[in-house]
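Working through the structure, step by step
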Amino acid sequence: MLFRSYVPPGVYRITADLNIVSTDSFAFSGAGSDVVSIVLSGTGFTNAGIFVDGSYRGKFSGFTLKGDGTEGAGAGALPYAFAITKTAGSFQNTSNNQATDISVQEFNWATGMLMGDISGTLQNDDTGISKCIVSGLGNAGFGFSTKWLVGIQFGDGTSGNQYNHTITDTSVAQCQNGVKALDSSFTWRGGEFAANAIDFNLAPTGPVSIYDIQSQVSGRFLSSTAGGSPMAGPINLTGIAFIPGVSINADGKWINITQGAAVIKLDTVKCYAIGGAA
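As the structure is a computational prediction, the values presented were derived from the model and not from experiment.

1. A short note on the overall build of the protein chain
- Scanning the protein chain from terminus to terminus reveals zero helices and 26 strands.
- The C-alpha extent of the protein chain, read off along each of the three principal axes, is 50 × 35 × 30 Å.
- Relative to its 278 residues, the protein chain shows a buried fraction of 51%.
- Taking the intrachain contacts of the protein chain between residues at least 6 apart in sequence as the baseline, contacts between residues at least 24 apart amount to 71%.
- Split by element, the accessible area of the protein chain, about 10,900 Å² in all, is 52% carbon and sulfur.
- Distance between charge centres in the protein chain, computed from 14 positive and 19 negative side chains, equals 3 Å.

The structure is reproduced here in structure tokens:
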């Protein structure tokens, strides 16, 4: 049975983490990201605006997260705006969750959306993300320090069952790392990236497939340069159009893989010159 919490159109103010803990088949359903705004206010936050800790077959949809200019975790940025995770404090494994029609705007967060664990090698797999938007307020040449460091993060940098995420028609803009995968794997199809320092940062990761993406004025499309274990691979890039701006990385590389992968496959991948010529 699906247990549903419906949020009708309106503007809602929260002053601390909205925690959803140890649930099975729970739905948090807003009327739509265009008509439901959840506004974070004040410095009483700890982990995230919405913090899902231990969720099996959950559905989260139809709302926009924004701030009022006072929001934070004490004096600092929120670690996450929206997180689906698993900590030792929850008894439910995190698997088969869906995030749909969620907009994360450019308020005081370090990571917009997390699909991974924050406390070690716990389960967090098979998340589906569809028609979501995450936007910071930086650009490819911005001096990032505490805010808008990662748009969407998969995994936590440790081994564990944190794999097989599927993303469709989702866009990320104006972050230091549009997408970061840390010991995780995903398939991404559709959406638009813009003005990120790096669109996809894999450090290291398992199999990754990216299809049908247009990126504009980002500094680099894909990077994997971190030390440690090599990527399991393969990496598959298909139907990619990268349109750089003046803040393209100084070395001129729009794909930079130094860590190595089992197989790298490129199919219909195009980088345009600054100004638009292919």
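2. Quick look at the packing of aromatic side chains
- Applying the stated criterion to the full structure yields 15 aromatic pairs.
- Summarising the aromatic geometry, the rings of F142 and W148 are spaced 6.1 Å apart at their centres and angled 45 degrees between planes, so their arrangement reads as tilted.
- For F142, a relative accessible area of 35% puts it in the partly exposed group.
- An aromatic cluster of at least three residues, connected via ring pairs, comprises F154, F186, W188, F193, F200, F221, F242 and W254.
- When the ring centre of Y211 is taken as reference, the NZ or CZ atom of R189 above it lies at 4.1 Å.

3. Observations concerning the state of the cysteines
- Under the definition given, this model contains zero disulfides.
- Free of any disulfide, C132 has its nearest neighbouring cysteine sulfur in C175, separated by 14 Å.
- Taking relative accessible area as the criterion, C132 reaches 1% and is therefore assigned buried.

4. Brief notes about the environment of Q123
- Its place among the elements puts Q123 in the loop between β11 (109–115) and β12 (124–125).
- Of the residues examined, Q123 reaches a relative accessible area of 23% and is grouped as partly exposed.
- Counting along the chain gives 61 residues from Q123 to G62, while the straight-line C-alpha distance between them is 26 Å.

5. Side note on the nonpolar core
- Among the nonpolar cores identified, the biggest contains 53 residues, and L65, F82, F186, W188, I210 and F221 are the most heavily contacted of them.
- Contact partners of F82, with chain neighbours within four places excluded, come to A48, I50, V52, F60, F63, L65, A99, I102, G112, M113, L114 and M115.

6. So, the pairing of strand β21 (residues 198–202)
- Counting buried positions over the five residues of β21 gives five, a clear majority of the element.
- Across four bridges, the pairing between strand β18 (residues 177–181) and β21 is parallel. When the bridges of β21 are listed, A181 appears paired with L202.
- With two bridges joining them, β21 and strand β23 (residues 222–224) adopt parallel strand pairing. When the sheet's bridge partners are listed, F200 is paired in β23 with L222.

7. Here we look at unusual backbone geometry
- The residue K131 is not glycine, and still its phi comes out positive at about 55 degrees.
- Looking at the element boundaries, K131 is found in the loop between β13 (128–130) and β14 (133–135).
- K131 gets classed as exposed once you look at its relative accessible area, which sits at 51%.

8. A word on the pattern of salt bridges
- Within the structure shown, the criterion is met by four salt bridges.
- Between R57 and D24 there is a salt bridge, with its nearest N and O atoms 3.2 Å apart. Of the two residues, R57 sits in the loop between β6 (48–56) and β7 (59–67) while D24 sits in strand β3 (residues 18–24), which places them 33 residues apart along the sequence.
- The class for D24 is partly exposed, based on a relative accessible area of 36%.

Parameters and conventions
- Think of each chain on its own: its residues are numbered from 1, step by step along the sequence as written.
- Given that the model is predicted, a residue must reach a pLDDT of at least 70 before its local features are reported, and side-chain atom pairs must reach 80 or more before they are shown or counted; all residues, however, enter totals for whole chains, interfaces and linings.
- Side-chain descriptors were evaluated using all non-hydrogen atoms of the structure, hydrogens and water having been removed beforehand.
- Helix and strand labels come from DSSP, where a helix needs a run of H or I of at least four residues and a strand needs a run of E of at least two; each type is numbered from the N terminus.
- When accessible area is computed with a 1.4 Å probe and restricted to protein chains, residues below 20% of their type maximum are described as buried, those above 50% as exposed, and intermediate ones as partly exposed.
- Note on contacts: a residue pair is in contact if any heavy atoms of the two residues lie within 4.5 Å.
- The accessible surface values rely on the Shrake-Rupley method and a 1.4 Å probe; as for residues, cover is taken only from the protein chains in view.
- Charge counting treats Lys and Arg as positive and Asp and Glu as negative, with His and both chain ends excluded.
- Lys charges are placed at NZ, Arg charges at CZ, Asp charges at CG and Glu charges at CD.
- Two aromatic rings, drawn from Phe, Tyr or Trp (for Trp, its six-membered ring), form a pair once their centres lie within 6.5 Å of each other, and the interplanar angle then sorts them: stacked below 30 degrees, edge-to-face above 60, tilted otherwise.
- Distance and angle both matter: a charge sits over a ring if NZ of Lys or CZ of Arg is within 6 Å of the ring centre and within 35 degrees of the ring normal.
- We call a pair of cysteine sulfur atoms a disulfide when they lie within 2.5 Å.
- Residues enter a nonpolar core if they are buried and are Ala, Val, Leu, Ile, Met, Phe, Trp, Tyr or Cys, with the set joined through side-chain atoms within 4.5 Å.
- Pairing between two strands is assigned when DSSP locates at least 2 bridges connecting them.
- Put simply, a salt bridge is a Lys or Arg side-chain nitrogen that is within 4 Å of an Asp or Glu carboxyl oxygen.

That's the geometry; what it means functionally is another story.
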